[in-house]
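# A look at the structure
This is what each chain is made of:
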Amino acid sequence: MNLAKPRLTVIDTDPGIDDAIGILLALASPSFTIAGITTVAGNIGIETTTRNAGRLLAFAGREDIPVFQGASAPLSRVGPEPLNLHGEDGIGGVALPDPARLPENRHAVEWLADFLMGQPAGAVDVLALGPLTNLARLVLEKPEAARRIGRIIGMGGAIHEHGNVGPRSEFNLWADPEAAAVVVASGLPFVLIPLDVTRRVRATREFVEALSSSGKPTAAMVASLIESYFEAATNRESRPLHDLCVMLFALSPELFECEDLQLSVSVARNEQAGELTIMTEGGAMVRVAMRVDAPAVLELLTRQLTAD
Ligand code: RIB
Ligand code: CA
């Protein structure tokens, strides 16, 4: 399998256990040249998501990659309460080291805008793993820089699948629906990885055991993160590995089936907030991953983490 050529990449994230798994895959794969990590509040507060980004980089020995703290709250709503499923530390209590360096003293949006202006147009991909507040602020405040993004690949939304917050709303879009509406309507090249795909990508206990016994530190850490992500001790499969699917798509898009859909995002002030509607006209065209070869992407994860 020919993997995607190395791409200059920024990860925008609210780590979060499934964010952490995706970040460790990106750090382990030569297909990603990570220029920086920008953080956003979501799974847990901004101080913790920012600290967890630093802890993951320290674990991977990548103190060379800077962390920039971003939005602590949605554009125009009160932020969500921390999600218990990620634990009090936001990372499932897994034994990660302390950050080896402090986050930079520039706001994520300021840095991202300057970084994009300093790179050739289209050269930088943004992998969006949390609420889209930082990207929306970039579109609104620094539109010239935003237009230089090569591609946004973002985890969020639900098309035919039921939601994980409201009946049809998914957490990342529900947490800041105004931001999601801005990014979707921006016309930026956007690949959306919704619950329709991510709910198909779960790890079995045998899969976790194989990573754990591989003798590879990053594979063992991913195994520990997945272990902490099982809903119950009796469950055979983990919770969905939502954000990991963003990195897997970037590595091997041919393992996913996409449809180009005209979408609008609900900004209702009720449980419909963040819901996606397929429009016949007037919506914004978004490439949406609708199906995935789940065994193949899990095999890809194993190969990337255990290769010599
Ligand atoms: O709905 C799943 C998304 O919400 C993932 O990004 C997960 O990390 C949580 O933020
Ligand atoms: Ca996330």
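Here we summarise the structure given alongside this text. (Residues numbered from 1 in each chain as written. Chains lettered and ligands numbered in written order. Predicted model: local features only at pLDDT ≥ 70, side-chain atom pairs only at ≥ 80, totals over all residues. Heavy atoms only, no water.)

### Overview of the overall build of the protein chain
The line we're drawing: Secondary structure elements are defined from DSSP: runs of H or I of at least 4 residues count as helices, runs of E of at least 2 residues count as strands, and each element is numbered from the N terminus. Summary of the burial criterion: residues with accessible area below 20% of their type's maximum are buried, those above 50% are exposed, and those between are partly exposed, where the area comes from a 1.4 Å probe applied to protein chains only. Only heavy atoms enter the contact rule, under which two residues are in contact if any of them lie within 4.5 Å.
Looking only at helices and strands, the protein chain features 12 helices and 9 strands. Overall, the C-alpha framework of the protein chain stretches about 50 × 40 × 40 Å when taken along its three principal axes. Split into buried and exposed, the 308 residues of the protein chain put 55% on the buried side. For the protein chain, long-range pairs separated by at least 24 residues make up 82% of all intrachain contacts whose partners lie at least 6 apart in sequence.

### Description of the packing of aromatic side chains
As a reminder of what qualifies: Within 6.5 Å between ring centres, the rings of Phe, Tyr and Trp (the latter by its six-membered ring) count as paired, and their orientation is classed by plane angle as stacked under 30 degrees, edge-to-face over 60, tilted in between.
Applying the stated criterion to the full structure yields 4 aromatic pairs. Each ring, one from Phe68 and one from Trp111, has its centre 4.3 Å from the other, and the planes form 10°; the classification is stacked. Taken as a pair, Phe68 in strand β3 (residues 67-69) and Trp111 in helix α3 (residues 108-117) lie far apart in primary sequence, 43 residues in all. Taking the relative accessible area as the measure of exposure, Trp111 reaches 11% and is therefore buried.

### Overview of helix α11 (residues 244-251)
Among the 8 residues of α11, 8 are classified as buried, and the element is accordingly described as predominantly covered. Within α11, burial applies to Leu244, Cys245, Val246, Met247, Leu248, Phe249, Ala250 and Leu251.

### Side note on the site of ligand 1
Operational definition: The criterion for a residue being near a molecule or strand is simple. One of its heavy atoms has to lie within 4 Å of it. Under this definition, polar contacts are N or O atom pairs within 3.5 Å; protein pairs additionally need one hydrogen-donor-capable and one acceptor-capable atom, and for neighbouring residues in sequence, both atoms have to be side-chain atoms. Residues are grouped as follows: Ala, Val, Leu, Ile, Met, Phe, Trp, Tyr, Cys and Pro are nonpolar; Asp, Glu, Lys and Arg are charged; all remaining types, including Gly, are polar.
Surveying the vicinity of ligand 1 reveals the residues Asp14, Asp18, Asp19, Asn43, Leu129, Met155, Asn164, Glu170, Phe171, Asn172, His242 and Asp243. Contact between ligand 1 and Asn43: an oxygen atom at 3.0 Å from a side-chain N or O atom of the residue. Within the side chain of Glu170, a nitrogen or oxygen atom sits 2.5 Å from an oxygen atom of ligand 1. Tallied by class, the residues present in the shell around ligand 1 amount to 3 nonpolar, 4 polar and 5 charged.

### Section: the environment of Leu225
Following the sequence through the fold, Leu225 ends up in helix α10 (residues 217-227). Each C-alpha atom, one on Leu225 and one on Val208, is 9.5 Å from the other, the two residues being 17 residues apart in sequence. Residues within four places of Leu225 in sequence aside, it is in contact with Ile17, Ala20, Ile21, Leu24, Ile91 and Val94.

### Considering the pattern of salt bridges
Let me state the cut-off plainly: For this document, the term salt bridge refers to a Lys or Arg side-chain nitrogen within 4 Å of an Asp or Glu carboxyl oxygen.
Applying the stated rule across the entire model yields 20 salt bridges. Ionic pairing is found between Glu227 and Arg205, a salt bridge with its closest N-O pair at 3.0 Å. Placement of the pair is Glu227 in helix α10 and Arg205 in helix α9 (residues 205-212), with a sequence separation of 22 residues. Given a relative accessible area of 28%, Arg205 falls into the partly exposed group. Here Arg303 and Glu299 are joined by a salt bridge, their closest N and O atoms 3.5 Å apart.

### A closer look at the sheet that holds strand β1 (residues 7-13)
Threshold: Strands were regarded as paired on the criterion that DSSP finds at least two bridges between them. Where helices are involved, their axes are fitted lines through C-alpha atoms of the stretch in contact, as for all axes, and angles between N-to-C directions lie from 0 to 180°.
Strands sit in the order β3-β2-β1-β4-β5-β6-β9-β7-β8 across an open sheet of 9 strands; the sheet is mixed. Of all the strands in the sheet, the pair left with one neighbour each is β3 and β8 (276-278). Averaged over all pairs of adjacent strands, the angle between strand axes in this sheet comes to 30°, irrespective of strand direction. Two strands pair when backbone bridges link them, and strand β5 (residues 149-155) and strand β6 (residues 190-193) are joined in this way by 4 bridges, in the parallel orientation. Looking at β6, one finds that Gly154 is bridged to Leu192. Across the face of the sheet, α3 comes into contact with β1, β2 (32-39), β3, β4 (124-128) and β5 while running at roughly 150° to β2.

### A short note on the pairing of β6
Judged by which residues are buried, β6 turns out to be covered on both faces: Phe190 and Leu192 on one side and Val191 and Ile193 on the other are all buried. As judged from the 2 bridges shared by β6 and strand β9 (residues 284-292), these two strands associate in the parallel manner. Opposite Val191, over in β9, you have Arg287 as the bridge partner.

### Brief notes about the packing of α3 against helix α4 (residues 133-141)
When two helices pack together, their arrangement is given by the angle between the helix axes and by the axis-to-axis distance. To keep it simple, the criterion reads: What sets the label is the angle itself: under 35 degrees gives roughly parallel, over 145 gives roughly antiparallel, 65 to 115 gives roughly perpendicular, and the rest give oblique. Helix crossings are classified by the rotation of the near helix relative to the far one: an anticlockwise turn of less than a right angle makes the crossing left-handed, while a clockwise turn makes it right-handed.
Relative orientation of the contacting elements α3 and α4 amounts to 60°, with a least axis distance of 9 Å. When the axes of α3 and α4 are compared, the pair comes out oblique. The two elements α3 and α4 meet at a crossing, and its hand is right-handed. In contact with Ala108, Val109, Leu112, Ala113 and Leu116 of α3, α4 contributes Asn134, Leu135, Arg137, Leu138 and Glu141.

### Some thoughts on unusual backbone geometry
In this model, Pro15 is joined to Gly16 through a cis peptide bond whose omega is -20°. Tracing the backbone shows Gly16 in the loop between β1 and α1 (17-28).

### So, α10
Of all the residues in α10, the buried ones are Ala219, Met221, Val222, Ala223, Leu225 and Ile226. As for α10, its buried residues are in contact with α1, α2 (46-59), α9 and α12 (294-306).

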